[in-house]
Amino acid sequence: MPDLMKTGLPRRTVLQAAAVGVAGISPALRALVHAQGSDAPEKKEVRIGFIPLTDCASVVMASVLGIDKKYGIKIIPTKEASWAGVRDKLVNGELDCAHVLYGLVYGVHLGIGGPKKDMAVLMNLNNNGQAITLAKKLADKGAVNGAGLAKLMASEKREYTFAQTFPTGTHAMWLYYWLAANGINPMKDAKVITVPPPQMVANMRVGNMDGFCVGEPWNHRAIMDGIGVTAATTQEIWKDHPEKVLGTTAEFADKYPNTARAVTAAILEAGRWIDASLANKNQMAETIAAKSYVNTSVDAINQRILGRYQDGMGKTWDDPNHMKFYNEGAVNFPYLSDGMWFLTQHKRWGLLKDHPDYLGVAKAINRIDLYKQAATASKTPLPKSEMRSSKLIDGVVWDGAQPQKYADSFKIKA
């Protein structure tokens, strides 16, 4: 009762609540008590950076559909030009949170790929839905997949250039893993460059690279423009792999925990809305295709979001493991093993000189405490474990159990 009196609510309202017990009061009155109490978001406006990619959709739709208001906040999506820009604005506080590469957050936390700052992952935004595109001129010479590329590189010797989007990011790791699985050492057999996602297609058009790994819609755009082919989807490399996350600084998560929880809950609900129906996915595609978001045609987005794939060489297929934003909550949990996997690859490719405390770092970054609260608020199911097991394209199983041994086990490494 004394705690209720401190809320600033009218005395009569407080007495009503006390008379029936807070658990038994009407939903409206409970919401009023709740809003006046310690669970109210500390910040009402939250600036969330995003890169023009299909997988920014749940952040955008949480704002466009007004789901954010339900949780007492206003999400302001801010379009950014590059992942380096997202990193810098997160670190200096210009952005509160961001749609961001999983490995970028881990890199910043450990001081690789930019300034060192303690970081936080609030949730996973999507699984699957990236791809590796090879230039049409390579495909015409038989490089239509990993084996074909390896054969061409062995027979036609020259410098081959491949692009990823950020040195510690997901696309770099998918590209390196795929090349290595096909016997190509990305550090020794090729030149690797960094290119922002929206600039990939233009750079391939003028011959700056032989291949790239990026998120949609830029792989499908390369096919539509007749300059590239899809050699592999990332879900072929790792089915239901983690991809973008809702990232922020540890400072923000600690200073504004209610805000962080509210943002996470709103985006969880937006992801559930996207995955709920084909109509919702089409509405999402029409929304994010706009100039203020991804800035491309709707047909560049809506095919692969529905699982309708073509490789640019006449093959079409329906992929059940297309990009997912919710999938009954299976997408979004920030598994410790997912974060640890990126660390094993950072070590494999020489970005980390020594083995980190794999589990300790993941526990520090992945804010499972806040996620569980947001999941409860948004009625999102939780998994039984904070780790999960997956078999990747080379047949090797990753389960987070022995990260040091796993990181050291690869024949092809830096």
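Since the structure is predicted, the reported quantities are computational estimates derived from the model, not experimental observations.

1. Section: the sheet that holds strand S1 (residues 45-50)
Next, step 1: The sheet built from 5 strands is open, its strands ordered S2-S1-S3-S10-S4 with mixed pairing. Sheet topology places strand S2 (74-79) and strand S4 (119-124) at the edges, where each strand pairs with a single neighbour. Put simply, the sheet's adjacent strands are angled 30 degrees from each other on average, direction ignored.
Next, step 2: With 2 bridges connecting them, S1 and strand S3 (residues 97-101) associate as parallel partners. Note that in S3 the partner of glycine 49 across the bridge is alanine 98.
Next, step 3: Packed onto the sheet, helix H15 (residues 257-275) meets S1, S2, S4 and strand S10 (244-249) and runs at close to 30 degrees relative to S4.

2. A word on helix H16 (residues 278-288)
Next, step 1: Considered for burial, the residues of H16 that qualify are Asn280, Lys281, Met284, Ala285, Thr287 and Ile288. One side of H16 holds all its buried residues, which, seen down the axis, span an arc of 165 degrees. In this structure, H16 carries Leu278, Ala279 and Glu286 as exposed residues pointing more than 90 degrees from its buried face.
Next, step 2: The elements touched by buried residues of H16 are helix H4 (57-64), H15 and helix H17 (298-305).

3. Focus on the sheet that holds strand S8 (residues 211-215)
Next, step 1: A sheet is described by the order of its strands in space; here 5 strands give the open sequence S7-S6-S8-S5-S9, paired in mixed fashion. Either end of the sheet is taken by a strand with one partner, and the two such strands are strand S7 (191-194) and strand S9 (228-233). When the angles between neighbouring strand axes are averaged without regard to direction, this sheet yields 25 degrees.
Next, step 2: In this structure, strand S6 (residues 161-164) lies alongside S8, joined through 2 bridges in parallel fashion. Bridge pairing in S8 places alanine 163 opposite phenylalanine 212.
Next, step 3: Helix-sheet contacts for helix H10 (residues 170-181) involve strand S5 (130-135), S6, S7, S8 and S9, and the interaxial angle to S6 is about 140 degrees.

4. Points about the packing of aromatic side chains
Next, step 1: What the rule picks out here adds up to 17 aromatic pairs.
Next, step 2: On the basis of an interplanar angle of 55 degrees and a centroid distance of 5.7 Å, the ring pair of tyrosine 102 and tyrosine 106 is categorised as tilted. Highlighted residues: tyrosine 102 and tyrosine 106, both in helix H7 (residues 102-110), separated by 4 residues, approximately one helical turn. Just as tyrosine 102 is buried, tyrosine 106 falls in that class too.

5. Let's talk about H4
Next, step 1: By the criterion of burial, H4 is predominantly enclosed, with 7 of the 8 residues buried.
Next, step 2: Taken together, the buried residues of H4 touch S1, helix H5 (67-70), S2, S3, H15 and H16.
Next, step 3: Positioned one or two residues after H4, glycine 66 has a phi angle of 75 degrees, which is positive.

6. A look at the pattern of salt bridges
Next, step 1: Counted under the stated rule, the structure contains 18 salt bridges.
Next, step 2: Between lysine 70 and glutamate 269 there is a salt bridge, and its shortest N-O distance comes to 3.0 Å. With a gap of 199 residues between them, lysine 70 in helix H5 and glutamate 269 in helix H15 connect regions that are remote in the sequence.
Next, step 3: Owing to a relative accessible area of 58%, lysine 70 belongs among the exposed residues under this scheme.
Next, step 4: The residue glutamate 386 makes a salt bridge to lysine 372 at a minimum N-O spacing of 3.8 Å. With a gap of 14 residues between them, glutamate 386 in the loop between helix H20 (368-377) and strand S13 (390-391) and lysine 372 in helix H20 connect regions that are remote in the sequence.
Next, step 5: In this structure lysine 372 comes out as partly exposed when scored by relative accessible area, which is 35%.
Next, step 6: A single network of salt bridges, built from pairs that share partners, joins Asp55, Glu243 and Lys244.

7. Re the environment of lysine 79
Next, step 1: Note on placement: lysine 79 falls in strand S2.
Next, step 2: In sequence terms lysine 79 and asparagine 182 are 103 residues apart; their C-alpha atoms lie 36 Å from each other.
Next, step 3: With residues up to four places along the chain from it excluded, the contact list for lysine 79 reads Phe50, Pro52, Lys291, Ser292, Tyr293 and Asn295.
Next, step 4: At 2.8 Å, the side chain of lysine 79 forms a polar contact with the backbone oxygen of lysine 291.
Next, step 5: Looking at lysine 79, its side chain comes within polar contact range of the main-chain oxygen of tyrosine 293, at 3.0 Å.

Parameters and conventions
Residues numbered from 1 in each chain as written. Predicted model: local features only at pLDDT ≥ 70, side-chain atom pairs only at ≥ 80, totals over all residues. Heavy atoms only, no water. Pairing = 2+ DSSP bridges. Helix = DSSP H or I, 4+ residues; strand = E, 2+ residues; numbered from the N terminus. Axes fitted to C-alpha atoms, helices over the stretch in contact; angles between N-to-C directions. Contact = heavy atoms within 4.5 Å. Buried < 20%, exposed > 50% of the residue type's maximum accessible area, 1.4 Å probe, protein only. Arc of directions from axis to C-beta. Phe/Tyr/Trp six-rings, centres within 6.5 Å; stacked < 30°, edge-to-face > 60°. Salt bridge = Lys/Arg side-chain N within 4 Å of Asp/Glu carboxyl O. Polar contact = N/O pair within 3.5 Å; in protein donor to acceptor, adjacent residues only side chain to side chain.

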